[in-house]
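Chain by chain, the residues:
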Amino acid sequence: MTGRNGSARRYRVAHRTTYCYSDEVTSSYGRAYLTPREFPGQRLLSHDISIDPVPSDQSVGPDVYGNTTSYFHVTAEHRTLVVTGESLVEVDRPDRAPDGPAARPWEQARPTGATGPLAVEFTLDLQPPEITPEVRAYAAESLTPGRPLLEAVAELNSRIHADFAYKSGSTTVSTKVADVFAARAGVCQDFARIGVACLRSHGLAGRYVSGYLATDPPPGKERMVGADATHAWSAVWVPGDELDRTGYWIDFDPTNDQFGDERYVTVAWGRDYADVPPLRGIIYTDAKASTITVSVDVSPVEV
């Protein structure tokens, strides 16, 4: 669980996406997940999304998981579209008690309609299915009978980090978990999806989380503006206790072999990447070629 404990960190996030087309675009519909969430442990102090050309129609609203989504329709002809999200966010350091529900056998963390009705959906496989016999067997090596949940997830996290190589460009957003297993390589989105699939293969609730990870420069080096990137990680549901019967989620990051902390800025969560891509849309054009450039900067701000 998370709470304010005097170790909050504040960040200014700038996320700019630039699309360039070889011919005029006459109409562009877009949906963006660029607004960081608010929940205990994270506070959104300010946020703005700017779009160039200016949309003729624009709206903001929540999706089924409570994420903030922004819709826009650009009708002015254009060859370049720029979408920029700017946020000021404050994140607390998570408080993880060494005892409590996360220290109990992992089998007790399987949600039911009585213990975790809102978490049950996150135990279900995707369509088409992602849970294969290989995924189930891989997860079983960490989820041994009676093992404490947090200990099992920590080992699973470390194993994914060690067994799969980070290789930019090796996968696409439509790459299947089975393909990543075969290649033993991928990027953060793939590793987050593996973590989630492993949890679900044994009846645990796992969710896919999209956001940003604040990175510190090497000693003696200045921060490189725009050198950060969007990030993705996994989360496991933990049952509640006598004080909090609703349960809670613990973030873990297989890409970096660590649990989520005050460096992680959460934008959105869902069952899979397809639920919460930073941007998706439809365009009307005769253009034969296009490029996309993404620049992300997560700058620390004094609290």
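Residues numbered from 1 in each chain as written. Predicted model: local features only at pLDDT ≥ 70, side-chain atom pairs only at ≥ 80, totals over all residues. Heavy atoms only, no water.

(A) Structural detail: the overall build of the protein. Within the protein, the regular secondary structure consists of four helices and 14 strands. A compact globule built from 303 residues should have a C-alpha radius of gyration of about 19 Å, and the protein, at 20 Å, falls within 12% of that. Taken over the C-alpha atoms alone, the protein extends approximately 60 × 45 × 45 Å along its principal axes. Taken across its 303 residues, the protein has 49% of its residues classed as buried. Sequence separation of at least 24 residues holds for 76% of the intrachain contacts in the protein that already meet a minimum separation of 6. (Helix = DSSP H or I, 4+ residues; strand = E, 2+ residues; numbered from the N terminus. Rg over C-alpha atoms; globule rule 2.2 N^0.38 Å. Buried < 20%, exposed > 50% of the residue type's maximum accessible area, 1.4 Å probe, protein only. Contact = heavy atoms within 4.5 Å.)

(B) Region of the structure containing empty space enclosed by the protein. A full pass over the atoms with the stated rule returns two cavities of 30 Å³ or more. Its boundaries defined by the atoms lining it, the largest cavity holds a volume of some 60 Å³. Lining the largest cavity, in full, are Asp 125, Leu 126, Glu 130, Ile 131, Val 177, Arg 193, Val 196, Ala 197, Arg 200, Arg 271 and Asp 272. A per-element tally of the lining of the largest cavity places helix H4 (residues 188-200) first, with four residues. When the residues that make up the lining of the largest cavity are grouped by side-chain class, the tally is five nonpolar, no polar and six charged. Roughly 40 Å³ of volume is contained in the second largest cavity. (1 Å grid on protein atoms, 1.4 Å probe; cavity = no way out; pocket = protein on both sides within 12 Å on 5 of 7 lines; lining within 4 Å. Points joined across faces, edges and corners; volume = space filled by probe spheres on them. Nonpolar A, V, L, I, M, F, W, Y, C, P; charged D, E, K, R; others polar.)

(C) Expanded view of the pattern of salt bridges. Scanning the model with the defined rule gives 14 salt bridges in all. Between Glu 130 and Arg 193 there is a salt bridge, with the nearest N and O atoms lying 2.2 Å from each other. You can see Glu 130 sitting in the loop between strand E5 (78-91) and helix H1 (133-140) and its partner Arg 193 sitting in helix H4, a full 63 residues away along the chain. Residue Glu 130 shares its accessibility class with Arg 193, and that shared class is buried. (Salt bridge = Lys/Arg side-chain N within 4 Å of Asp/Glu carboxyl O.)

(D) Examining the packing of aromatic side chains more closely. Going through the model one piece at a time under the given rule, you end up with twelve aromatic pairs. Ring geometry for Tyr 19 and Tyr 21: centres 6.4 Å apart, planes at 5°, overall stacked. With 6.3 Å between their ring centres and 70° between their planes, Tyr 29 and Tyr 284 make a pair best called edge-to-face. Residue Tyr 29 is located in strand E1 (residues 9-32), and its partner Tyr 284 is located in strand E13 (residues 279-285); the two are separated by 255 residues in the primary sequence. Judged by relative accessible area, Tyr 284 falls into the partly exposed class, the value being 48%. Note that Arg 37 overlies the ring of Trp 269, its terminal NZ or CZ placed 3.7 Å from the centroid. (Phe/Tyr/Trp six-rings, centres within 6.5 Å; stacked < 30°, edge-to-face > 60°. Lys NZ or Arg CZ within 6 Å of the ring centre and 35° of its normal.)

(E) Spatial organisation of the sheet that holds strand E8 (residues 206-213). One open sheet accounts for five strands, arranged E11-E10-E9-E8-E12; its pairing is antiparallel. Each having just a single partner strand, strand E11 (258-259) and strand E12 (264-270) make up the two edges of the open sheet. As paired elements, strand E9 (residues 230-238) and strand E10 (residues 248-253) share five bridges and run antiparallel to each other. If you follow Ala 235 over to E10, its bridge partner there is Asp 251. Its contacts with the sheet place H4 against E8, E9 and E10, and it is angled at close to 15° to E9. (Pairing = 2+ DSSP bridges. Axes fitted to C-alpha atoms, helices over the stretch in contact; angles between N-to-C directions.)

(F) Seen up close, the pairing of strand E4 (residues 68-74). Counting buried positions over the seven residues of E4 gives five, a clear majority of the element. Judged from the five bridges that link them, E1 and E4 form a sheet pairing that is antiparallel. Each residue of the ladder has a partner; that of Ser 28, found in E4, is Val 74. Pairing of strand E3 (residues 57-62) with E4 involves six bridges; the strand directions are antiparallel.

(G) Summary view of the nonpolar core. With 31 residues, the main nonpolar core has Tyr 11, Ile 51, Phe 72, Leu 81, Val 83, Tyr 212 and Val 298 as its most contacted residues. Of all the secondary structure elements, the ones that give two or more residues to this core are E1, strand E2 (42-52), E4, E5, H4, E8, E12 and strand E14 (290-301). Leu 81 has contacts with Thr 17, Thr 18, Tyr 19, Ser 28, Ile 51, Asp 52, Pro 53, Phe 72 and Val 74, leaving out every residue within four places of it along the chain. Membership of the second largest hydrophobic core comes to 27 residues, among which are Ala 102, Trp 106, Phe 164 and Ile 250. (Core = buried A, V, L, I, M, F, W, Y, C linked by side-chain atoms within 4.5 Å.)

Honestly, it's all geometry; don't read function into it.
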